[in-house]
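# Reading the structure
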Amino acid sequence: MDTNLKHWNDMTTLKEKKHMSAVAELGCAVCRRMGYEGTPAELHHPRRLAGGWGRSSHFSVIPLCPEHHRGSTGLHGLGTKGFEKHYGYDESNLLKDTLLLLGHEVRETT
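### Let's talk about the layout of surface pockets
Here the second largest pocket is characterised by a volume of approximately 160 Å³. In this structure, the second largest pocket is lined by 10 residues; those nearest its centre are His-44, His-45, Arg-47, His-69 and His-76. When contributions to the lining of the second largest pocket are tallied by element, the ones reaching two or more residues are strand E1 (42-44) and helix H4 (75-87). In terms of residue count, H4 provides more of the lining of the second largest pocket than any other element does, three residues in total. Residue classes in the lining of the second largest pocket are distributed as two nonpolar, five polar and three charged.

Here it is, written out as structure tokens:
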């Protein structure tokens, strides 16, 4: 076994861990938009925001409950295009909501 290989979580910085913890504490971003605040959340790393390959930064995670993350009506179940068609918003909208709730400035993109 190669001892140089570490689990990705072992390489996560304290600042990243604090950010991800704060994001998870917000509850599911989709449930929140539906009026159900505080639903326990997992963290979703949007691939679309990472250029479609790999995972996005730990500072670009979105809180999603298991259903809206991995379930049949979630991002992984519907796919990004299906999710956007079903709900009328996409990962970038949910990330913007999340960052605003945490008090971060969000720049508008054109």
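Here the narrative resumes, following the displayed structure.
### Some points on the environment of Pro-46
Positionally, Pro-46 belongs in the loop between E1 and strand E2 (62-64). Residues Pro-46 and Glu-91, 45 residues apart in the sequence, show an inter-C-alpha distance of 6.7 Å.

### Focus on the side chain of Glu-91
Within the secondary structure, Glu-91 is located in helix H5 (residues 91-101). Judged by its relative accessible area of 2%, Glu-91 is buried. Among the polar contacts listed, one links the side chain of Glu-91 to the side chain of His-44, at a separation of 2.6 Å.

### What to know about the pattern of salt bridges
Tallied over the entire structure, the rule returns two salt bridges. A salt bridge links Asp-97 to Arg-33; the shortest N-O distance between them is 2.6 Å. Here Asp-97, found in helix H5, pairs with Arg-33, found in helix H2 (residues 29-33); they are 64 residues apart in sequence, far enough to count as distant. With a relative accessible area of 22%, Asp-97 lands in the partly exposed category. According to the relative accessible area criterion, Arg-33 is partly exposed, its value standing at 39%. Measuring nitrogen to oxygen at the nearest pair gives 2.4 Å for the salt bridge that ties Glu-42 to Arg-70. Of this pair, Glu-42 sits in strand E1 while Arg-70 is found in helix H3 (residues 66-70), placing the two residues 28 residues apart along the sequence.

Calculation notes
- Residues numbered from 1 in each chain as written.
- Predicted model: local features only at pLDDT ≥ 70, side-chain atom pairs only at ≥ 80, totals over all residues.
- Heavy atoms only, no water.
- 1 Å grid on protein atoms, 1.4 Å probe; cavity = no way out; pocket = protein on both sides within 12 Å on 5 of 7 lines; lining within 4 Å.
- Points joined across faces, edges and corners; volume = space filled by probe spheres on them.
- Helix = DSSP H or I, 4+ residues; strand = E, 2+ residues; numbered from the N terminus.
- Nonpolar A, V, L, I, M, F, W, Y, C, P; charged D, E, K, R; others polar.
- Buried < 20%, exposed > 50% of the residue type's maximum accessible area, 1.4 Å probe, protein only.
- Polar contact = N/O pair within 3.5 Å; in protein donor to acceptor, adjacent residues only side chain to side chain.
- Salt bridge = Lys/Arg side-chain N within 4 Å of Asp/Glu carboxyl O.

None of this, on its own, says anything about what the molecule does.
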